[in-house]
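Reading the structure
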Amino acid sequence: MDTGDFLRAFFGEGNRFDYDSLVSSSTETHRAVKRWAEALQEDRSAVLPRWEEDGVTWYGLATTEEAMQGLIEQVEAFIGPSFSTFTGERARLDEEDPIERAVQNYTGGRALRFHGKDSAIRTRLDQMHEVRMQRQPHTTEEDLGTGIVLRRFNMALAAGDRPEAEKQIQYLRERGLLDPTNIRYLQIRMRAAFEAWEEIVQFEEVSDLIESTSHPLPVRRALLQAVYHTHFDSYEGQDAPEEALEHYEETVQPEYGPLFTVRSSMQVPEVLKAFMMKAVSGEETDEDLRDELMKVAKRIELNDSFFEALTELGSDAGEPAVVENPISEAMTDWSEGDVDAAFRMLRQAESSLRKSQCLALIHGDLQSLDVEQELEATLADLPAGEQKELARRHPICQQVLESASAPSSWRHWLSHVRGEGYDSQEKALQHAEKLVEEWHPQQVLDAEGALEELVHQVETAPLDSWGGRIVSLALPHLLESLQNDSEYPRSTFQSLYGAVLNRIPYASDLTKSDFDVYRDLAEVRLGYGVDKDAYREILEGAEALWAEAGSPRRINWLLDFAELLTLVPSRDEEAQLRFLMEVVKALQNYRDHVDPIQVDLFRSLCEAVSQPEVGGHIQMEEDREEEESREPLRQMLDGKTLGIYTLTESAGRRSRSFLEEKCANLTVHLRHDKSGNSELEQVAKNADYFLVVTRSAKHAATEAIGQHVPTERLIRPQGKGESSMIRDLVDYAKKEEEASTAPA
């Protein structure tokens with residue numbers, strides 16, 4: 001459907017603004033609607049009115065995902081909840097309604113729908129249109145390049161923000177920046193980041209991915225983790241290693257066999273346990289594989305009783321075979337599909353031209369830094385003529401000889417960047433991504449002074465120029481390395497978390513996810529306790545973030561961040577007061593985008609941190625405004641049961657206390673479960689409404705809730721603090737009130 005056909009359908013039957021009148025009428029109202037409609041063609045998005053007997057319904061429309069995100073931000077900035085029922089959620093369109101059917105066909109579901117004060121909305125839309133006409137050309141994600149969009153995707157994973165990650169995948173797909181195969185890789189990685197294991201094994205193209213041996217290690221790791229959790233969690237829960245091994249032999253190996261051909265450098269517990277089952281299965285135990293897995297487990301200090309139980313299975317070890325020709329044995333293993341065994345054999349061989357050729361051959365299968373390191377050491381022992389010949393025949397040999405050496409740690413990687421050892425951004429980021437699989441926090445604990453050196457490398461890494469850009473793009477990978485730690489967050493790593501935290505405000509492309517990650521790391525730092533200097537740095541970093549990229553749509557983040565001040569007594573009264581006054585200034589500047597209840601919450605927070613006078617600086621028209629804001633919430637929750645699920649227990653407790661104080665006869669059940677269970681399911685069944693903080697949640701628990709609570713009764717806040725939770729609950733209550741009072 002082209003734009004002309006859509007406008008005829010939208011301004012057709014069921015809309016008192018008809019198409020012919022828009023074209024011919026000279027009234028100011030019709031001219032304004034015509035201007036907005038023309039914007040749909042020029043900007044790929046617009047807000048248009050549908051005038052019916054009982055009032056006007058406003059539709060925000062966009063033809064691309066990028067235009068949709070921009071439209072949401074603009075409507076929030078110019079109209080927002082102060083003048084309308086706008087919440088940022090996409091409309092659930094009625095296919096039976098001819099106008100909404102046309103909206104669905106034209107936009108593909110990229111539509112908003114809201115009501116409000118029509119005169120105010122018309123005025124604000126004219127202002128929005130004027131700003132659009134005057135704006136300067138801006139840089140789009142495509143202009144910035146695929147690297148920036150991938151950074152946004154990776155940062156969304158670090159922030160625990162699945163909708164944001166999905167948005168970046170959609171951007172890449174719509175612009176054709178990545179081919180379909182790489183888009184599938186991102187979809188698998190995203191599901192793994194949110195522990196959506198069932199979604200992975202049910203992915204429509206998963207069989208093709210399983211059969212392939214060429215996908216990146218993060219994708220292979222995600223697939224193996226999904227197989228382990230969906231097939232072996234129950235056996236592990238019952239402490240039944242023998243039954244797990246039998247299930248592996250009878251079901252998993254026949255169905256997922258290709259996944260078990262390459263472990264490479266993967267060292268997450270699920271992969272180690274899955275491959276241990278491979279090692280001890282069959283009539284004869286693979287002693288080499290079992291020994292290698294046990295060495296990895298010891299190196300990373302894996303404390304897993306099920307892994308230990310699996311190592312005890314299998315046949316008794318025989319005499320180790322004497323290997324007379326490691327290279328020949330390696331090529332036999334490689335030809336039989338056991339690339340890991342081939343690499344183990346090659347490590348035993350002396351440096352030679354033939355060994356270098358074999359390492360170059362298996363590098364494509366293993367894709368690991370340790371293969372590059374072995375190849376680099378082997379090439380260094382060869383004459384210059386042989387090096388030149390290998391470089392001519394094998395691109396990986398040329399890369400190893402001409403580029404920085406493969407890093408064994410984040411310290412080495414940062415040192416390479418600092419010393420301009422990389423000849424391309426692509427190579428630097430490839431190594432950073434591989435470190436996510438091969439680096440383990442235990443490495444910096446085992447070597448004296450290593451942690452201090454890593455902290456120093458992060459703190460002194462380039463902030464600008466080419467090196468600064470690379471560090472900015474790789475920051476999500478460093479975050480993933482830290483977050484993948486089974487003991488995250490570690491008290492011993494507080495200085496490292498602080499160094500990473502201080503890097504975020506200097507990122508070249510600050511997004512919502514950067515703000516969210518900053519808050520999360522600040523929560524970790526403050527939760528463990530900090531000294532005066534660190535306390536001041538954290539608050540100054542938040543102020544710098546806000547000064548650089550603060551906006552009306554991020555006011556919830558600012559209020560959520562302010563809540564962190566209650567985690568620890570003030571270490572610097574001056575810094576605390578300065579930050580709180582910045583919040584007051586933001587609340588005043590963006591008053592139209594702040595609900596009065598949020599102001600009430602902020603004033604309570606100021607009292608909790610012994611700064612009650614700060615809340616008095618916020619100018620409000622009347623207390624009546626706050627009461628009006630609370631009323632829909634009170635009516636909705638009176639006599640009801642509300643479930644709240646969040647792993648951020650402090651925010652959950654504050655929200656429960658606030659709601660129980662403001663809403664009579666309300667019962668609140670607060671849950672922090674790490675997985676689905678009968679108690680959580682019972683709470684979900686009995687709840688009238690359920691607030692699920694997806695940014696602070698486990699997928700298995702949210703799935704259990706979703707199975708028992710209707711979608712329309714689930715409220716999913718965009719943030720993880722009390723302010724976001726209460727604000728989104730209030731917005732939901734207003735929508736409920738609107739729906740209940742709307743004409744039939």
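Position numbers for residues start from 1 in each chain and track the written sequence from start to end. Reporting of local features is limited, given that this is a predicted model, to residues whose pLDDT is at least 70; pairs of side-chain atoms are given and counted only at 80 or more, and all residues count toward the totals for whole chains, interfaces and linings. Side-chain numbers come from the whole structure's heavy atoms, not from hydrogens or water.

1. A word on the overall build of the protein chain
- When its secondary structure is counted, the protein chain shows 41 helices and 7 strands.
- Computed over its C-alpha atoms, the radius of gyration of the protein chain comes to 29 Å, within 12% of the 27 Å expected for a compact globule of 744 residues.
- Structurally, the protein chain occupies a C-alpha span of about 90 × 60 × 50 Å along its principal axes.
- Exposure categories follow from relative accessible area, calculated using a 1.4 Å probe and restricted to protein chains: below 20% of the type maximum is buried, above 50% is exposed, and the middle band is partly exposed. Taken over 744 residues, the protein chain has a buried fraction of 54%. Each helix corresponds to a stretch of at least 4 residues labelled H or I by DSSP, and each strand to a stretch of at least 2 residues labelled E; elements are numbered beginning at the N terminus. Values of the radius of gyration come from C-alpha atoms, whereas the globule rule sets the reference at 2.2 Å times the count of residues to the power 0.38.

2. Some words on the confidence of the model for the protein chain
- Confidence along the protein chain averages 88 in pLDDT terms, with 94% of residues attaining 70 or more.
- Per residue, pLDDT measures the predictor's confidence, with a range of 0 to 100. The secondary structure element of the protein chain with the lowest average pLDDT is helix 8 (residues 141-144), at 46, and the one with the highest is helix 16 (residues 269-280), at 97.
- Within the model, the stretch residues 135-142 combines pLDDT values under 50 with 12 contacts to residues more than four positions away or in other chains. By definition in these notes, contact holds between two residues if any of their heavy atoms fall within 4.5 Å.

3. A closer look at the packing of aromatic side chains
- Any Phe, Tyr or Trp ring, taking Trp's six-membered ring, that has another such ring centre within 6.5 Å forms a pair; planes under 30 degrees apart are called stacked, those over 60 apart edge-to-face, and the others tilted. For the structure shown, the criterion picks out 19 aromatic pairs.
- Ring geometry for F493 against Y497: centres 6.2 Å apart, planes inclined by 70°, an arrangement best described as edge-to-face. For the pair shown, F493 and Y497 are each scored as buried.
- Among the aromatic side chains, those forming a connected cluster through ring pairs are F6, F10, F11, Y59 and Y106.
- The rule is short: NZ of Lys or CZ of Arg within 6 Å of the ring centre and within 35 degrees of the ring normal puts a charge over the ring. Between the NZ or CZ atom of R175 and the centre of the ring of Y171, over which it lies, the distance is 4.7 Å.
- It is R490 that lies over the ring of F493; its NZ or CZ is 5.6 Å from the centre.

4. Topic: the environment of V594
- Summarising the element assignment, V594 is placed in the loop between helix 34 (573-589) and helix 35 (596-608).
- Overall, V594 belongs to the buried group, its relative accessible area being 4%.
- Taking the C-alpha atoms as reference points, V594 and R727, 133 residues apart in sequence, are found 8.7 Å from one another.
- In this structure V594 touches I555, L587, V599 and R727, once residues within four positions along its chain are discounted.

5. Describing unusual backbone geometry
- Between Y488 and P489 the backbone carries a cis peptide bond, its omega angle lying at -5°.
- A positive phi angle is found at E301, which is not glycine, with a value near 55°.
- Located in the positive-phi region is S465, a residue other than glycine, with phi close to 60°.
- When its relative accessible area of 56% is taken as the criterion, S465 is described as exposed.

6. Examining a negative patch on the surface
- Patches here: salt-bridge-free residues with over 30% relative accessible area, like charges joined within 9 Å, nonpolar side chains (Val, Leu, Ile, Met, Phe, Trp, Tyr) joined within 5 Å. Only the protein chains shown count as cover for residues, and the accessible areas themselves come from Shrake-Rupley with a 1.4 Å probe. Counted as salt bridges are all cases of a side-chain nitrogen of Lys or Arg within 4 Å of a carboxyl oxygen of Asp or Glu. Counting rule applied: Lys, Arg positive; Asp, Glu negative; His and chain ends not counted. Charge positions are represented by NZ for Lys, CZ for Arg, CG for Asp and CD for Glu. Taken together, the side chains of D239, E242, E243, E246, E249 and E250 define an acidic patch exposed on the protein surface.
- The topology assignment puts E243 in helix 15 (residues 241-256).

7. A few points about the sheet that holds strand 4 (residues 641-645)
- For two strands to count as paired, DSSP must find a minimum of two bridges between them. Strands sit in the order 5-4-6-7 across an open sheet of 4 strands; the sheet is parallel. In this open sheet, the two strands that pair with only one neighbour each are strand 5 (667-671) and strand 7 (714-715).
- In terms of strand pairing, strand 4 meets strand 5 through 5 bridges, oriented parallel. Counterpart to Y645 in the pairing with strand 5 is R671.
- Taken strand by strand, helix 39 (residues 678-686) contacts strand 4, strand 5 and strand 6 (689-692), and its axis lies near 150° from that of strand 5. For helices, the fitted axis covers only the stretch in contact; all axes are lines through C-alpha atoms, and the angles between them, taken along N-to-C directions, range from 0 to 180 degrees.

8. A closer look at the sheet that holds strand 1 (residues 45-52)
- With antiparallel pairing, 3 strands are arranged side by side in an open sheet as 1-2-3. Both edges of this open sheet fall to strand 1 and strand 3 (111-114), since each of them pairs with a single strand only. If you compare each strand with its neighbour and ignore which way they point, the axes differ by 20° on average.
- Sheet contacts for helix 6 (residues 98-107): strand 1, strand 2 (55-62) and strand 3; angle to strand 2, the most-contacted strand, approximately 15°.

9. As for the environment of D514
- As for its position among the elements, D514 is in helix 31 (residues 512-528).
- In this structure, D514 is in contact with R151, M155, I504, A507 and D509, ignoring residues within four places of it in sequence.

10. Let's talk about helix 14 (residues 217-237)
- What we call the bend at a residue is the angle made by axes fitted to the seven residues finishing there and the seven residues starting there. Its axis deflected by about 50° at H231, helix 14 carries its strongest bend there.
- For helix 14, the buried fraction is high: 15 of the 21 residues fall into the buried class.
- Remark: D239 follows helix 14 within two positions and exhibits a positive phi of approximately 50°.

11. Looking at the side chain of R189
- Secondary-structure assignment places R189 in helix 11 (residues 180-193).
- Among residues more than four places away in sequence, those in contact with R189 are F153, N154, L157, P218, V219 and E480.

12. Examining the nonpolar core
- Judged by nonpolar contacts, the single largest core of 81 residues is most densely connected at W413, F561 and F602.
- In contact with W413, not counting residues within four places along its chain, are P407, Y422, A428, H431, A432, L435, I470, V471 and A474.
- In this description, a nonpolar core means a group of buried Ala, Val, Leu, Ile, Met, Phe, Trp, Tyr and Cys residues linked to one another through side-chain atoms lying within 4.5 Å. Judged by nonpolar contacts, the second largest core, of 46 residues, contains A192, L209, L223 and L313.

13. Comments concerning the pairing of strand 1
- Burial of strand 1 is extensive: 6 of the 8 residues sit out of reach of the surface.
- Two strands pair when backbone bridges link them, and strand 1 and strand 2 are joined in this way by 8 bridges, in the antiparallel orientation. Among the inter-strand pairings, P49 is bridged to a residue of strand 2, identified as W58.
- Linkage of strand 1 to strand 2, two consecutive antiparallel strands, is achieved through a turn of 2 residues.

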